[in-house]
Each structure stands twice: as C-alpha cells, then as structure tokens.
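Chain by chain, the residues:
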Amino acid sequence: MKKIAVLTSGGDSPGMNAAVRAVTRKAIYNNIEVYGVYQGYQGLLNDNIEKLELGSVGDTIQRGGTFLYSARCPEFKDADVRKKGIENLRKRDIEGLVVIGGDGSYRGAQRISEECKEIQTIGVPGTIDNDINGSDFTIGFDTALNTIIDSVDKIRDTASSHARTFIIEVMGRDCGDLALWAGLSVGAETIILPEVNVDIKDVAEKIDNGIKRGKKHSIVMVAEGCMSGEACAKELSKYINIDTRVSVLGHIQRGGSPSGADRVLASRLGGHAVELLLSGKTAVGVGIMNNELTDTPFDEIFNAKNQKFEHSIYNLAKELSI
Ligand code: ADP
C-alpha cells in the first residue's frame, strides 16, 4: 500500500483531529502517502483532496472540531454519484480510505469497498453519541460527558439556591449513554433514556419524596432520543406542582478541546486503522473493547446497533440516587 486518504464525515466530535493526526503520522511512519479529503463525502465528489505532510497535522491534537471539515452529503447514497468520488480516489492511485464518523459515514465507506475492490475502507468511530457498535467508546464521548458534567455542576449551584428541579436535556440521538454516564456522574435524581421504560408518575413521586425528606433541589437528566426537556417538564406538571426549569445543553456538547481520554482513544484507533489497512483488512470499523483494539465488519456493526447499553450502570445510578 502506497497511498491512503482520510476524511471526517457526519456530526463532528472532539478528538477527530487527533484521529486524523494519528492516521497521517502512522501512515507516513510506514512510508505511505496520505491525502486529506476536505468536507467529507462532499469533498470526495468535488475533488477537494490535498496531500497531508507530517506538519499538516501539527498543532491539531488539542483542537476540537475537525480541520478537514465535515459535511452531510445525501447525494452520496446514489451509486452513480458515488462513482465520481471513487474515480477521484482512483486517479491518485489511492488504495485505502479511513472514514472517521458515525454509522451513516460507515455506510458510505461500505459502499465504496463493495463498488471498488481496489480500495480498502476502514471506519473510525467519531461521534459524541457513543452509539456505534463494535467499540465500547467513540471518539468525543468522554469530552462531551465532561462538558455536561461541568455545565450541570454549575446549574446545580443555582438549582440549590432556588430549591428548583432542573431538567437537563442532553444529546445522544437514539442512544442514552451520554444521559446515563452524565446522570451517574452528577448524581442526578432520575435519568430518562430510550433504553429503559420510565413512568413519569414514578419520577414525580421520587422528586416529591425527596422534597419531603428535605432535598433542596433535583436534577433530572433526559436523553434527547427519549423525549425533550420541555415535554418532560409538561408531563411532570401533571403529577406534581414544583418549580422546574429546563436546560437544553445543545451544541456546546459537541465542542471544546478533546479530553485526555479522547486524545488517547483517537490516537490508538487512528493508528490501528492504518495497521488494519496494511494487513489487508477492508469494510471494518475499528474499536476498543475491554481495552483491546478490535475490528468488526460493517455489517455486524449495523445489525447490532445500540446493543451495548450497560444496564448495570443504570441500575447503579438508580441505587445511588434513592
Ligand atoms: P453520521 O456518520 O454521523 O452517522 P450521517 O448519517 O449524516 O452521519 O452520514 C454522514 C454521511 O454519510 C451522509 O451525509 C452521506 O454522505 C453518507 N451516507 C450516509 N448513509 C449512507 C448510505 N446508506 N450510503 C452511502 N452513503 C451514506
């Protein structure tokens, strides 16, 4: 293998730069030329591709976002359109493509490897949502978790001053991991997420019991994939008359300098992606499972989506917030 390309696609996440850096430097270390595709699959179609040198990824490991930019490119689902993107790789003799993104981005990579046998593709899980099967953690999850913790710690100060119940809506798409891990970390009274059925009447009862016991305030953590913070407040108001405020954390969760854990994860996964290309693997996503670097075929990743929810952590959070 002499030449590879790397792109970031879909929703951005902190640590994507560290992953691009790892792919680039590991490849150059192995005497492979690296090309950066700007703006994800859109850039692949537009031939927005430039050679990356060691220095191209200098001073990026600490930066949030992605210097390669990301984009949504719905046209890439069309096989005729994809041909153009594949041609832009072929004309440079690129034999390997590393796609850093979520499962939509993996699907694009899978199509490329099916339609062009000369190009191996490897997916690297980059999303704050932690919703990619085949890896215990995705790049950006830890940073987003810490952003939520920091925000809720501040909200708790005002919640306790005013004896209020705060409902915090966090991201995660259909996955409740951000709500779960953040809920445990901030000592939320209740965590509402898609993987577990929660009766709002029980939530109201728990808050009421807490108030009767002398609790000054409560934090309810809601995953956006389950319901909005506003909907939660409305439902609660049917059962209990309390002073509630809703805080939707929004896109701050996607930003910021990557945490140490994300920098290490991105470096390991990016480096492993290049190792897999060198070993001839294709159509697999890299991951980390029980601290071991792994690779899982795209098909398996798609079919088992979201099956890694840790019920034991949910139960522990419940036990600790009685
Ligand atoms: P994420 O990668 O974060 O899940 P998206 O689902 O938006 O984000 O996917 C990112 C991009 O991947 C899309 O804009 C599109 O270019 C490409 N993509 C998504 N699904 C497919 C598909 N079924 N076939 C080909 N390309 C796809």
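In this text, all values refer to a predicted model and were calculated from it rather than measured experimentally.

Rules used in this analysis
Residues numbered from 1 in each chain as written. Predicted model: local features only at pLDDT ≥ 70, side-chain atom pairs only at ≥ 80, totals over all residues. Heavy atoms only, no water. Helix = DSSP H or I, 4+ residues; strand = E, 2+ residues; numbered from the N terminus. Rg over C-alpha atoms; globule rule 2.2 N^0.38 Å. Contact = heavy atoms within 4.5 Å. Lys, Arg positive; Asp, Glu negative; His and termini not counted. Charge placed at Lys NZ, Arg CZ, Asp CG, Glu CD. Near = heavy atom within 4 Å. Polar contact = N/O pair within 3.5 Å; in protein donor to acceptor, adjacent residues only side chain to side chain. Areas by Shrake-Rupley, 256 points an atom, 1.4 Å probe, with all protein chains shown as cover. Nonpolar A, V, L, I, M, F, W, Y, C, P; charged D, E, K, R; others polar. Core = buried A, V, L, I, M, F, W, Y, C linked by side-chain atoms within 4.5 Å. Buried < 20%, exposed > 50% of the residue type's maximum accessible area, 1.4 Å probe, protein only. Pairing = 2+ DSSP bridges. Axes fitted to C-alpha atoms, helices over the stretch in contact; angles between N-to-C directions. Parallel < 35°, antiparallel > 145°, perpendicular 65-115°, else oblique. Left-handed = near helix turned anticlockwise from the far one by under 90°.

1. Some remarks on the overall build of the chain
Looking only at helices and strands, one finds 11 helices and 11 strands in the chain. The C-alpha radius of gyration of the chain comes to 22 Å, within 12% of the 20 Å expected for a compact globule of 322 residues. In terms of principal-axis extent, the alpha carbons of the chain reach across some 70 × 35 × 35 Å. Considering only contacts within the chain whose residues lie at least 6 apart along the sequence, 77% involve residues at least 24 apart. Once the 38 positive and 44 negative side-chain charges of the chain are each reduced to a mean point, those two points are 2 Å apart.

2. Quick word on the site of the ligand
Around the ligand, the structure places 17 residues, and the nearest of them are Arg 72, Cys 73, Gly 102, Gly 104 and Ser 105. Interatomic distance of 3.4 Å between a backbone N/O atom of Gly 11 and an oxygen atom of the ligand. In the complex, 85% of the free accessible area of the ligand, which totals 550 Å², lies under the protein chains. Considering each element in turn, the shell around the ligand owes the most residues, 6 residues, to helix α4 (residues 103–115). Partitioned by chemical class, the residues of the shell around the ligand number 3 nonpolar, 7 polar and 7 charged.

3. Structural notes on the nonpolar core
The biggest cluster of nonpolar side chains holds 30 residues, and the ones touching the most others in it are Ile 148, Ile 168, Leu 178, Ile 191, Leu 193 and Met 221. The element that contributes the greatest number of residues to this core is helix α5 (residues 141–162), accounting for 8 residues. With residues up to four places along the chain from it excluded, the contact list for Ile 148 reads Val 170, Leu 178, Ala 182, Met 221, Leu 249 and Gln 253. Core analysis: the next-biggest nonpolar cluster, separate from the first, contains 29 residues, Val 20, Ala 27, Val 34 and Leu 68 among them.

4. Considering the sheet that holds strand β10 (residues 284–289)
In space, the 7 strands of this open sheet follow the order β3-β2-β1-β4-β5-β10-β11, with mixed pairing throughout. Edge positions in the open sheet fall to β3 (49–52) and β11 (292–297), since each of these has one partner strand only. If you compare each strand with its neighbour and ignore which way they point, the axes differ by 30 degrees on average. The pairing of β10 with β11 spans 6 bridges and is antiparallel.

5. As for the packing of helix α6 (residues 177–186) against helix α11 (residues 311–320)
In a pair of packed helices, the angle between the axes and the distance between the axes together describe the arrangement. Running from N to C, α6 and α11 point in directions that differ by 30 degrees, and their axes come no closer than 10 Å. When the axis of α6 is compared with that of α11, the two are roughly parallel. By crossing handedness, the relation of α6 to α11 is classed as left-handed. Contacts between α6 and α11 pair Leu 180, Trp 181 and Leu 184 from the former with Ile 313, Tyr 314, Ala 317 and Leu 320 from the latter.

6. Comments concerning the sheet that holds strand β7 (residues 190–192)
The strand order across the open sheet formed by 4 strands is β7-β8-β6-β9, and the pairing between neighbours is parallel. Pairing within the sheet leaves two strands with one partner each, and these edge strands are β7 and β9 (244–248). Each neighbouring strand pair of the sheet contributes to a mean axis angle of 20 degrees, computed without reference to strand direction. As defined by bridge partners, strand β6 (residues 165–170) adjoins strand β8 (residues 218–223) across 6 bridges and the pair is classed as parallel. Bridged to Ile 168 within β8 is Met 221. Helix-sheet contacts for α5 involve β6, β8 and β9, and the interaxial angle to β6 is about 165 degrees. Packing of α6 onto the sheet brings it into contact with β6, β7 and β8, and relative to β8 it is tilted by some 165 degrees.

7. Describing unusual backbone geometry
Unlike most non-glycine residues, Gln 39 shows phi in positive territory, near 65 degrees. Secondary-structure assignment places Gln 39 in the loop between β2 (33–37) and α2 (40–45). Classification of Gln 39 as partly exposed rests on a relative accessible area of 34%. Despite not being glycine, Asp 93 shows a phi value in the positive range, around 60 degrees. When you line up the elements, Asp 93 lands in the loop between α3 (79–90) and β4 (96–101). The class for Asp 93 is partly exposed, based on a relative accessible area of 48%.

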